[in-house]
Amino acid sequence: LYYLMECNGKELLSSITILKNTLTLSKERMQIVDLLAQPSTRITTLSVTASGYTVNKEEMPDTEKLASDVVAIREGRYNDVVTTMGTIAAGLHKRYTQGIDPFIVMSCDNISYNGDLTKRVLSHIAESVDPAFGAYVRDKTLFPNSVVDRVTPEQNFEQQEAQDRKSTRLNSSHEWISRMPSS
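Throughout what follows, the structure given in this document is the object of discussion.

**A short note on the overall build of the protein**
Per the secondary structure count, the protein includes five helices and seven strands. Each helix and strand of the protein, placed in order from N terminus to C terminus, yields the pattern β-β-α-β-α-α-β-α-α-β-β-β. When burial is assessed residue by residue, the protein has 39% of its 183 residues classed as buried. Intrachain contacts of the protein at a sequence separation of at least 6 include 65% that bridge at least 24 residues. When the accessible surface of the protein is summed, it comes to about 10900 Å², and 51% of that surface belongs to carbon and sulfur atoms.

Below is the structure:
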């Protein structure tokens, strides 16, 4: 079971029952790539901090930080990618090599134009791996822009009791806006 704890003067604990499983990128990267590559995966959502997009100050792909991911994907060593964007690109590349249509990549965070940013980074990785793979990501993959505003205070899992590590503390206000691209 997973729990959500809302904090707005009083604590409200809710059970999250829609999740079947969760995986940790740092420990189960290849399982994540394999799941992304399955034909039954139609959409993947992510919520990352600005640094998780692996961009520079101009919000362009950080080619230096992404270089090892590009080489790993090009060589089919998907377990060797190190960034979040590299992991998603690895899943897309595995689908591409199997002739499977891409999944929708939906960022669920409060970064402005997060779909456009995700597309820019993943298209850069894909183009650097292979121009045809670049066209697959750029032209066939959907990247909706969304705004999700729900402040999540920093979690300190090391200090939580073992049974409390599957819960997340949030404040009570939230907003969700999404615009799907028209293609």
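**A short note on the packing of helix H3 (residues 84–97) against helix H4 (residues 114–129)**
At a minimum axis distance of 10 Å, the contact between H3 and H4 shows a crossing angle of 60°. By the angle class used here, H3 and H4 are oblique. Helix-helix and strand crossings are classified by hand; for H3 and H4 the assignment is right-handed. Across the interface between the two elements, Met85, Gly86, Ile88, Ala89, Leu92 and His93 of H3 pack against Thr118, Val121, Leu122, Ile125 and Val129 of H4.

Conventions used here
Residues numbered from 1 in each chain as written. Predicted model: local features only at pLDDT ≥ 70, side-chain atom pairs only at ≥ 80, totals over all residues. Heavy atoms only, no water. Helix = DSSP H or I, 4+ residues; strand = E, 2+ residues; numbered from the N terminus. Buried < 20%, exposed > 50% of the residue type's maximum accessible area, 1.4 Å probe, protein only. Contact = heavy atoms within 4.5 Å. Areas by Shrake-Rupley, 256 points an atom, 1.4 Å probe, with all protein chains shown as cover. Axes fitted to C-alpha atoms, helices over the stretch in contact; angles between N-to-C directions. Parallel < 35°, antiparallel > 145°, perpendicular 65-115°, else oblique. Left-handed = near helix turned anticlockwise from the far one by under 90°.

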